[in-house]
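Chains, contacts and geometry: an overview
Letter by letter, the chains look like this.
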Amino acid sequence: MLSAHVDVDHALELLSGGHAIGYLLKSRVTDVNDFLDTLGRVVNGASVVDPALVAELVTARRRNDPLAALSSREREVLALMAEGLSNSGIARRIFVTEGTVEKHVRSILTKLDLAETNDDHRRVRAVIVYLESL
């Protein structure tokens, strides 16, 4: 595809096909020989994606990542929650106190904006958010 601008949604649709794909921006194609070389690579099964599109795809993923606000330790605790470990089990696994795990869990629930309700189990909802982000 030779495009005048980056279209993230269209690019994702093309890339999800799993076949050789070329997505280049017209403004960045300045050398005919490089362009022909790129076409040859795509014909031979390679995928070539303009760096501007890659940057947009990475930025879009970060914007849509519900776990982006979590620290690496909070992500680790959430992953262990997804394995079914209790707070005491998590504490033993990562060598901290149970109180420290409780603080991490509270922070996770707050950062994921999982308010307390009478109908929902926030810990389970947090795990679902984690699993859906994989």
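Below or above, wherever it landed, is the structure these notes cover. Bear in mind that the values here come from a model prediction, so they are computed numbers and not experimental data.

The rules behind the values
- Residues numbered from 1 in each chain as written.
- Predicted model: local features only at pLDDT ≥ 70, side-chain atom pairs only at ≥ 80, totals over all residues.
- Heavy atoms only, no water.
- Axes fitted to C-alpha atoms, helices over the stretch in contact; angles between N-to-C directions.
- Helix = DSSP H or I, 4+ residues; strand = E, 2+ residues; numbered from the N terminus.
- Parallel < 35°, antiparallel > 145°, perpendicular 65-115°, else oblique.
- Left-handed = near helix turned anticlockwise from the far one by under 90°.
- Contact = heavy atoms within 4.5 Å.
- Buried < 20%, exposed > 50% of the residue type's maximum accessible area, 1.4 Å probe, protein only.
- Patch = residues over 30% accessible without salt bridge, like charges linked within 9 Å, V, L, I, M, F, W, Y side chains within 5 Å.
- Areas by Shrake-Rupley, 256 points an atom, 1.4 Å probe, with all protein chains shown as cover.
- Salt bridge = Lys/Arg side-chain N within 4 Å of Asp/Glu carboxyl O.
- Core = buried A, V, L, I, M, F, W, Y, C linked by side-chain atoms within 4.5 Å.
- Polar contact = N/O pair within 3.5 Å; in protein donor to acceptor, adjacent residues only side chain to side chain.

The next thing to look at is the packing of helix α5 (residues 87–94) against helix α6 (residues 98–111). Packed helices, taken two at a time, are described by the angle between their axes plus the distance between the axes. Close contact between α5 and α6 brings their axes to 8 Å; oriented N to C, the two are set at 110 degrees. As judged from the angle between their axes, α5 and α6 are roughly perpendicular. In this structure, α5 crosses over α6, and the sense of that crossing is right-handed. Counted together, N87, S88, I90 and A91 of α5 and E98, V101, E102 and V105 of α6 form the full contact between these two elements.

Here D50 shows up in the loop between β3 (48–49) and α3 (51–64). Given a relative accessible area of 4%, D50 falls into the buried group.

Now for a nonpolar patch on the surface. A contiguous nonpolar patch, built from V32, L36 and L39 and spanning about 280 Å² of accessible area, is present on the exposed surface. Of note, L36 is situated in helix α2 (residues 32–43).

Further remarks concern the nonpolar core. By size, the foremost hydrophobic cluster in this structure holds 20 residues, and its most contacted members are V77, L78, M81, I90, I108, L112 and A126. Of all elements in the fold, only α4 (72–82), α5, α6 and α7 (122–133) reach the threshold of two or more residues within this core. Among residues more than four places away in sequence, those in contact with L78 are L67, L70, I108, L112, A126, V127 and Y130. Counting residues in hydrophobic clusters, the runner-up holds six residues, among them V8, A11, L25 and L57.

Now for the side chain of E74. Relative to the helices and strands, E74 resides in helix α4. Here S107 takes part through its side chain, which lies 2.5 Å from a polar atom of the side chain of E74. In contact with E74, other than residues within four places in its own chain, are A69, H104, S107, I108 and K111.

Worth remembering: the numbers are spatial, not functional.
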